[in-house]
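Close look at the chain arrangement
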Amino acid sequence: MNIFATIEEVRAACRAAKREGKRLGLVPTMGALHDGHLSLVRAARASCDVVAASIFVNPAQFGPNEDLAKYPRSFERDCAQLEKEKVDLLFAPAVEEVYPPGAVTWVTVEELSEKLDGRSRPGHFRGVTTVVAKLFHIIEPDAAFFGQKDAAQVAIVRRMARDLNLPVEIVVCPIVREADGLAMSSRNAYLDPRQRMQALVLHRSLMRAQSLFDQGERNAAKLIAAAREEFAAENLARLDYFEIVNPDTLDPVEDVSDGALVAVAAGIGTTRLIDNILLVNSGH
Ligand code: AMP
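A short tour of the structure in this document, coming up. (Residues numbered from 1 in each chain as written. Predicted model: local features only at pLDDT ≥ 70, side-chain atom pairs only at ≥ 80, totals over all residues. Heavy atoms only, no water.)

1. Focus on the site of the ligand
- Taken together, the neighbourhood of the ligand is formed by 17 residues, with His37, Gly147, Asp150, Val176 and Met184 sitting nearest.
- Methionine 30 is positioned with one of its backbone polar atoms (N or O) 2.9 Å from an oxygen atom of the ligand.
- At 2.9 Å, a backbone N or O of glycine 147 approaches an oxygen atom of the ligand.
- Notes on the ligand: free accessible area 480 Å², of which the protein chains cover 92%.
- Mapped by element, the contributors of at least two residues to the shell around the ligand are β2 (24-29), α2 (35-47) and β5 (143-147).
- For the shell around the ligand, the element with the most residues is α2, which contributes three residues.
- The residue makeup of the shell around the ligand, split by class, is nine nonpolar, six polar and two charged. (Near = heavy atom within 4 Å. Polar contact = N/O pair within 3.5 Å; in protein donor to acceptor, adjacent residues only side chain to side chain. Areas by Shrake-Rupley, 256 points an atom, 1.4 Å probe, with all protein chains shown as cover. Helix = DSSP H or I, 4+ residues; strand = E, 2+ residues; numbered from the N terminus. Nonpolar A, V, L, I, M, F, W, Y, C, P; charged D, E, K, R; others polar.)

Here it is in C-alpha cells:
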C-alpha cells in the first residue's frame, strides 16, 4: 500500500491508474478503523481495480464543543488493517494540506444539511460535503463507498453529487453491528462498560419501531411514541431525536411505508451515538 500525505502525489498516482483504464474506488474515513469501515473497503475491492482509502479527521465537521481533540487515532493499526484488505493507496493528509490558509470556500447542500444531525450539529454537514467534494476532486474516483450508518450523510452526499453533476457513483453499504446489535462506531471506544450497556437502547428503540411496523402499524407518531418509551426506561441516555423520514429528502413522514428511514441519535455520558434502520415489510 502506498501512503501519500500530499495532494500532488496522490493525484498523480490516481491519474496514472485511471490512464490505464482502471476503475478507481474511494473509501473516505476518519480512521480508528473497525469492521464497518472494512466492509466498505471490501465492497470497493470487489467492484474496483484500484482501491484508495483516506484517513482524515476533518476539523470542519466538528463543532467548537465537540470531540475533535480527543477523537480516537490509531494510524499504525489502521494502516495494517488496510494493507491486509489489499488497499492500493492511502491518502492521509495534514489539515493544512486540505485547507489552505485563509480558505473561505464551502460546499453546502442547503435544507438537507439542517435536518436530523444537522439540527443538533450546526455546520457539521457543511464540513462533510466540503471535505468530500475536495476528496472527489483530488482522487477523482469512479465510485465512492459510504456506510448506511450515517444515513443523513448518505442523502446529503448523494444530493451533492447529483446537484453538482459529479461523475462519481455513490455506493452505500449496510450497517455493521456488534453481536448484541450496537452499530459499530469509532466513538464506541469512549463508552465505559456501563455506558456500553446503556448504548443498546438505540438499537432497541429501532427494533421496537420495526416490530410494530411488522404488526401492521403505519402511523409514524405511534411508532415514535413506542420507541421513545425505551428511552424513558433508560434514564442515563439523552434522546436527541427519533424520527421517521423519507430517506432522500429527510422530511418526516406521517404514514409510514416500506423503505422509510427510522433514525435515532442519543447522548450516553458525553458520547453522541446514532443509528438507523430502513423499514422493510416482512409480508404481514
Ligand atoms: P467515519 O470514519 O466515522 O467518518 O466513517 C467512515 C465511513 O464508514 C462512513 O461512510 C461511515 O458511514 C462508514 N461507517 C462507519 N461505521 C459504520 C458501520 N458500523 N457500518 C457501516 N459503515 C460504517
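2. Looking at helix α3 (residues 75-84)
- Taken together, the buried positions of α3 are occupied by Asp78, Cys79, Gln81 and Leu82. For α3, the arc enclosing every buried residue in end-on projection is 165°, short of the 170-degree limit, so these residues lie on one face. Opposite the packed face of α3, turned more than 90 degrees from it, sit the exposed residues Glu76, Arg77 and Lys84.
- Looking at the buried residues of α3, the elements they touch are β1 (2-4), α2, β3 (50-55) and β4 (89-91). (Buried < 20%, exposed > 50% of the residue type's maximum accessible area, 1.4 Å probe, protein only. Arc of directions from axis to C-beta. Contact = heavy atoms within 4.5 Å.)

3. A word on the packing of aromatic side chains
- Within this structure, the stated rule accounts for three aromatic pairs.
- Consider the rings of phenylalanine 62 and tyrosine 71, whose centres lie 5.8 Å apart with planes at 80°: the pair is edge-to-face.
- Centre to centre, the rings of phenylalanine 136 and phenylalanine 146 are 6.5 Å apart; their planes meet at 75°, and the pair counts as edge-to-face. You can see phenylalanine 136 sitting in helix α6 (residues 124-139) and its partner phenylalanine 146 sitting in strand β5, a full ten residues away along the chain. Taken individually, phenylalanine 136 and phenylalanine 146 each receive the classification buried, so the pair is uniform in this respect.
- Of note, lysine 70 hangs over the ring of tyrosine 190, and the distance from its end group to the ring centre comes to 4.3 Å.
- Over the ring of phenylalanine 213 we find arginine 218, and its NZ or CZ is 3.8 Å from the ring centre. (Phe/Tyr/Trp six-rings, centres within 6.5 Å; stacked < 30°, edge-to-face > 60°. Lys NZ or Arg CZ within 6 Å of the ring centre and 35° of its normal.)

4. Re the pattern of salt bridges
- One pass over the structure, following the stated rule, counts 19 salt bridges.
- Between arginine 42 and glutamate 85 there is a salt bridge, and its shortest N-O distance comes to 2.8 Å. Of this pair, arginine 42 sits in helix α2 while glutamate 85 is found in the loop between α3 and β4, placing the two residues 43 residues apart along the sequence.
- Note on glutamate 85: relative accessible area 17%, which makes it buried.
- Aspartate 117 serves as the salt-bridge partner of arginine 272, at 3.1 Å between the closest nitrogen and oxygen. Of the two residues, arginine 272 sits in strand β9 (residues 271-278) while aspartate 117 sits in helix α5 (residues 117-120), which places them 155 residues apart along the sequence.
- Taken together, the salt bridges that share partners define one network made up of Arg204, Arg208, Glu229, Glu230 and Glu234. (Salt bridge = Lys/Arg side-chain N within 4 Å of Asp/Glu carboxyl O.)

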